[in-house]
Amino acid sequence: MAIIIDPIADMFVRIKNSIARKYHEVNIPHSQKKVKILEIFKREGYITDFEVFKDQETNFKVIKVFLKYKGINQNQCAISGLKKISKPGLKVYSSSESLPKVLSGYGTAIISTSKGLLTDKEARKANIGGEVIAFIW
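Residues numbered from 1 in each chain as written. Predicted model: local features only at pLDDT ≥ 70, side-chain atom pairs only at ≥ 80, totals over all residues. Heavy atoms only, no water.

1. Observations concerning the overall build of the protein
Part 1 of the argument: When its secondary structure is counted, the protein shows three helices and 10 strands.
Part 2 of the argument: When the helices and strands of the protein are placed in sequence order, the string is α-β-α-β-β-β-β-β-β-β-β-α-β.
Part 3 of the argument: Its C-alpha atoms give the protein a radius of gyration of 15 Å, near enough to 14 Å, the size a compact globule of 137 residues would have.
Part 4 of the argument: For the C-alpha atoms alone, the extent of the protein along its principal axes is close to 45 × 40 × 25 Å.
Part 5 of the argument: Within the protein, residue pairs in contact and separated by at least 24 positions form 58% of the contacts whose partners lie at least 6 positions apart. (Helix = DSSP H or I, 4+ residues; strand = E, 2+ residues; numbered from the N terminus. Rg over C-alpha atoms; globule rule 2.2 N^0.38 Å. Contact = heavy atoms within 4.5 Å.)

2. Some words on the sheet that holds strand β1 (residues 25-29)
Part 1 of the argument: The three strands are arranged β1-β3-β2 in an open sheet whose pairing can be described as antiparallel. One side of each edge strand has no neighbouring strand; the edge strands of this open sheet are β1 and β2 (47-54). Taking the axes of each pair of neighbouring strands and ignoring which way they run, one obtains an average angle of 25 degrees across the sheet.
Part 2 of the argument: Across five bridges, the pairing between β1 and strand β3 (residues 61-67) is antiparallel. Across the sheet, residue V26 finds its bridge partner in β3, namely V65.
Part 3 of the argument: Against the sheet, helix α1 (residues 7-20) engages β1 and β3, with an angle of about 165 degrees to β1.
Part 4 of the argument: Together, β1, β2 and β3 form the strand contacts of helix α2 (residues 32-43), whose direction differs from that of β2 by roughly 155 degrees. (Pairing = 2+ DSSP bridges. Axes fitted to C-alpha atoms, helices over the stretch in contact; angles between N-to-C directions.)

3. Points about the packing of α1 against α2
Each packed pair of helices is defined by two parameters, the angle between the axes and the distance between the axes.
Part 1 of the argument: At a minimum axis distance of 10 Å, the contact between α1 and α2 shows a crossing angle of 45 degrees. Compared by their axis directions, α1 and α2 come out oblique. Where α1 crosses over α2, the handedness of that crossing is right-handed. Residue-level contacts link P7, I8, M11, F12 and I15 of α1 to K33, K34, I37, L38 and F41 of α2.
Part 2 of the argument: Across the contact of α1 with α2, the residue classes break down as eight nonpolar, no polar and two charged. (Parallel < 35°, antiparallel > 145°, perpendicular 65-115°, else oblique. Left-handed = near helix turned anticlockwise from the far one by under 90°. Nonpolar A, V, L, I, M, F, W, Y, C, P; charged D, E, K, R; others polar.)

4. Concerning unusual backbone geometry
Part 1 of the argument: Positioned with a positive phi, Q74 is a non-glycine residue whose angle comes to about 55 degrees.
Part 2 of the argument: With respect to the helices, strands and loops of the structure, Q74 is situated in the loop between β4 (69-70) and β5 (76-77).
Part 3 of the argument: One non-glycine residue, N127, adopts positive backbone phi at about 60 degrees.
Part 4 of the argument: Tracing the chain through its elements places N127 in the loop between α3 (120-126) and β10 (130-136).
Part 5 of the argument: On the basis of relative accessibility, which here comes to 52%, the residue N127 falls in the exposed class. (Buried < 20%, exposed > 50% of the residue type's maximum accessible area, 1.4 Å probe, protein only.)

5. Here's the deal with the pairing of strand β9 (residues 116-119)
Part 1 of the argument: Pairing analysis gives four bridges linking strand β8 (residues 108-113) to β9, with the strands arranged antiparallel. Residue pairing in the sheet places I110 in a bridge with T119 of β9.
Part 2 of the argument: Linking β8 back to β9 in an antiparallel pair, the connection comprises two residues.

6. Thoughts on the domain arrangement of the protein
One frequent convention defines the size of an interface as the accessible area lost when the parts assemble.
Part 1 of the argument: Domain parsing of the protein yields domain 1 (7-77) and domain 2 (82-136).
Part 2 of the argument: Relative placement of domain 1 and domain 2: their C-alpha centres are 20 Å apart.
Part 3 of the argument: The interface is formed by 13 residues belonging to domain 1 together with 14 residues belonging to domain 2.
Part 4 of the argument: Here domain 1 and domain 2 share an interface that buries about 1200 Å² over both sides, 76% of which is from carbon and sulfur atoms.
Part 5 of the argument: E122 is the salt-bridge partner of R43, the closest N and O atoms lying 3.1 Å from each other.
Part 6 of the argument: At the junction of domain 1 and domain 2, the tally comes to three residue pairs in polar contact (both at pLDDT 80 or more).
Part 7 of the argument: Those elements that place two or more of their residues in the side of domain 1 that touches domain 2 are α1 and α2.
Part 8 of the argument: The greatest single-element share of the side of domain 1 that touches domain 2, amounting to six residues, is contributed by α2.
Part 9 of the argument: A per-class count over the side of domain 1 that touches domain 2 returns eight nonpolar, no polar and five charged. (Domains from an automatic or database assignment. Buried area = accessible area lost by both parts, 1.4 Å probe. Salt bridge = Lys/Arg side-chain N within 4 Å of Asp/Glu carboxyl O. Polar contact = N/O pair within 3.5 Å; in protein donor to acceptor, adjacent residues only side chain to side chain.)

Dropping the structure here:
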């Protein structure tokens, strides 16, 4: 098993690869931070659902993410783009006044704040800044 330096970036790559292959679900190794990010994805309408279960073979917890497709033939994923902003070598912080807007407000920025993980809209409303984790649109 390979050592994963940035587990959030690994989750994003797995989701992007699944979208490229038109898969409807993807399995991701479990962590609480990933669950919190996926809760935001679900709340904002980017995924249908997710569930946490224990893999029988490896005995580790796994998150199964159910991707959301839309359009006439259900062939267009609700996630058009996904970008990790803060990286292990370069953390990006933003004050409450300068929180980024993704695609002029059509996308979502995920911010790690003192109140937990919030979207950019929620952080602006609560008037708190933090580490900019990712953009999704």
